[in-house]
Amino acid sequence: IVIAIVLANFFSRSITARIKSVIDNTYKVPKGEALTPPIGGSDEIAELDQQFHDMVDELYKAQQMKQYLLSMVSHDLRSPLTSVQGLLTMLAAGTFGEISEKAKKRVETAEVEVKRLIDMTNDLLDVERLASGTLQMEISATDTDHIIDAALGSMTAFAEQNGITLTRQGENIDFQADGDRLVQVLVNLVSNAVKFSEPGTAITLWASISEDDPENIRFSVIDQGRGIPETHINKVFEKFQQVEASDASIKGGKGLGLSICKSIVEAHGGHIGVESVSGQGSTFWFTVPRT
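Residues numbered from 1 in each chain as written. Predicted model: local features only at pLDDT ≥ 70, side-chain atom pairs only at ≥ 80, totals over all residues. Heavy atoms only, no water.

## With respect to helix α4 (residues 144-161)
Move 1: With 18 residues, α4 should reach 26 Å at 1.5 Å per residue; the first-to-last C-alpha distance of 26 Å fits that figure.
Move 2: When the local axis directions of α4 are compared, the greatest deviation, roughly 45°, occurs at M155.
Move 3: The complete set of buried residues in α4 reads T144, I147, I148, A151, L152, M155 and A159.
Move 4: Looking at the packing, one finds that the buried side of α4 touches β1 (140-143), β2 (165-170), β3 (174-177), α5 (179-195), β4 (202-209) and β5 (216-222).
Move 5: For α4, the side-chain oxygen to backbone nitrogen distance between the N-cap and D145 is 3.1 Å, and the N-cap itself is D143. (Helix = DSSP H or I, 4+ residues; strand = E, 2+ residues; numbered from the N terminus. Expected span 1.5 Å × (residues − 1). Bend = angle between axes of the 7 residues up to and from the residue. Buried < 20%, exposed > 50% of the residue type's maximum accessible area, 1.4 Å probe, protein only. Contact = heavy atoms within 4.5 Å. Polar contact = N/O pair within 3.5 Å; in protein donor to acceptor, adjacent residues only side chain to side chain.)

Shown next as structure tokens:
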């Protein structure tokens, strides 16, 4: 009996130590740390440990390939596209000589498509940087008027082209945040509102102290568009999500804008959401702390 107890204790400690080694490795993977060497042996635990090492090796290789792809996209793809866009702009403006009206329209179409590719490239890079935590927030003193004024300056011409009126309400509130990133959020929300609103309607940008928490500021974008079905309310902030399958081709975009908005707001410690009734418009809102 004593021998059996001693052997049971020995094997129990040995098995526990081997299992603990596998568990420790599972904590190292999310941190990107090197794994401990395989435990060796021919039993099931050793086989599980070896399979885990092989899987992680493949995962790290995939991450390295993803980083290489992002580097290629950010430099080898975005830079040439920007150059092409500049060349097309000068060509349409007659910098290299007058061109026919038909050719000018073709050039302008090409310029729009190149800009769409650049925007999509930037969105993909922002999504990845936000997901990996490598996109830093530059926090400084700002105010709600500055954020709304910048968004209106960017979107007024686009809204007028679509027959939409942009209005503003609320008070000016001082707070601390990455102003440029919050302008990006507001511009994304207004752009979506314009795309899905009927000509002759209005979109209101509103800033106020949050009713739920006086330490938070709430920004709202209120439209009179088609609204969002209840089945899609909880999905609109996910990557590559569109309310209707035809939206990507008809309205443009790849379903990344709202996902980026969500990441930026959450990086500030805030929240984002939407209140909508299908056919009766939507209110997209987000809150950020004042400090």
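On we go from here.
## Notes on the environment of I39
Move 1: Along the polypeptide, I39 turns up in the loop between α1 (2-31) and α2 (44-92).
Move 2: Using a relative accessible area of 26% as the deciding quantity, one classes I39 as partly exposed.
Move 3: For the pair I39 and F175, spaced 136 residues apart in sequence, the C-alpha to C-alpha distance is 54 Å.
Move 4: In this view, I39 contacts R18, S21, I45, A46 and D49; residues no more than four positions away in its chain are not counted.

## A closer look at the packing of aromatic side chains
Move 1: Scanning all chains against the criterion turns up three aromatic pairs.
Move 2: Plain terms: the ring middles of F219 and F286 are 5.0 Å apart, the flat faces sit at 15° to each other, and that makes the pair stacked. A residue pair is termed long-range when its members are at least 10 positions apart, and F219 in strand β5 and F286 in strand β7 (residues 282-289) qualify at 67 residues.
Move 3: F286 gets classed as buried once you look at its relative accessible area, which sits at 0%.
Move 4: Ring centres 6.1 Å apart and planes at 75° place the aromatic pair F237 and F284 in the edge-to-face group. You can see F237 sitting in the loop between β5 and α6 (247-250) and its partner F284 sitting in strand β7, a full 47 residues away along the chain.
Move 5: For F237, a relative accessible area of 11% puts it in the buried group.
Move 6: Judged by its relative accessible area of 10%, F284 falls in the buried class.
Move 7: Site record: aromatic cluster; members linked through ring pairs are F175, F219 and F286. (Phe/Tyr/Trp six-rings, centres within 6.5 Å; stacked < 30°, edge-to-face > 60°.)

## Here's the deal with helix α7 (residues 257-267)
Move 1: Buried within α7 are the following residues: G257, L258, S259, I260, C261, I264 and V265.
Move 2: Once α7 finishes, G269 follows within two positions and takes phi at roughly 85°, a positive value.

## Quick look at the pattern of salt bridges
Move 1: Per the counting criterion, the structure on display carries five salt bridges.
Move 2: One salt bridge in this structure joins D24 and K20, with 3.1 Å as the shortest N-O distance. Here D24 pairs with K20, and both are found in helix α1, just four residues apart, close to one helical turn.
Move 3: For E275, the salt bridge goes to R218, with nearest N and O atoms at 3.6 Å. Pair noted here: E275 is in strand β6 (residues 271-276) and R218 is in strand β5, with a separation of 57 residues, a long-range link.
Move 4: Given the relative accessible area of 45%, E275 is considered partly exposed.
Move 5: With a relative accessible area of 21%, R218 lands in the partly exposed category. (Salt bridge = Lys/Arg side-chain N within 4 Å of Asp/Glu carboxyl O.)

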